[in-house]
Amino acid sequence: MDLAELAKAVSRLKYPQDEGDLTCDEPGHPDGHTCLPVSADLDVDDVVEAFGERYRDPRTRTYGLPPLPFDDRIGWTHAWSRFARAIAVGRGPDVRPVVAVAERNMPAAGTGRLAAIVSTVIGSVRVP
Ligand SMILES: [Zn+2]
């Protein structure tokens, strides 16, 4: 998608009541977000600038991003919160731009791991 198509697609997805639950077409991706196909010739900075004009004041990594999908793999740089959703822009492992719309209440990355650690700790406590 070029910038105009991307902006239109994001705009359609940002209201929860518009399109129902978010699902992703990418193989192996869980529900709760939608990855949008981005033209290879688009630059992350241009996407951020265009979304910034439209949605204002992004959250950045420095000031705290909302929980986003694949936070360990995608270099998310900017996110805008809209109603129950977050619009996220970053760079993939191949440095190409990645754009996703995610549920804002999706579990933070690492929550499952923390729960596993807590249950291990609890499991290792022995009652005399
Ligand atoms: Zn996805």
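None of these values were measured; they are calculated from a predicted model.

Calculation criteria
- Residues numbered from 1 in each chain as written.
- Predicted model: local features only at pLDDT ≥ 70, side-chain atom pairs only at ≥ 80, totals over all residues.
- Helix = DSSP H or I, 4+ residues; strand = E, 2+ residues; numbered from the N terminus.
- Buried ≥ 20, exposed ≤ 12 C-beta atoms within 10 Å, placed from the backbone.
- Contact = placed C-beta atoms within 7 Å.

**Details of the overall build of the protein**
Helix and strand counts for the protein stand at four helices and five strands. Secondary structure elements of the protein occur, N-terminal to C-terminal, as α-α-β-α-β-β-β-β-α. A burial count over the protein gives 23% of its 128 residues as buried. Contacts in the protein between residues far apart in sequence, at least 24 positions, make up 54% of those at least 6 positions apart.

**Notes on the environment of Ile-87**
Tracing the sequence through the fold places Ile-87 in strand β4 (residues 85-91). Residues Ile-87 and His-33, 54 residues apart in the sequence, show an inter-C-alpha distance of 9.6 Å.

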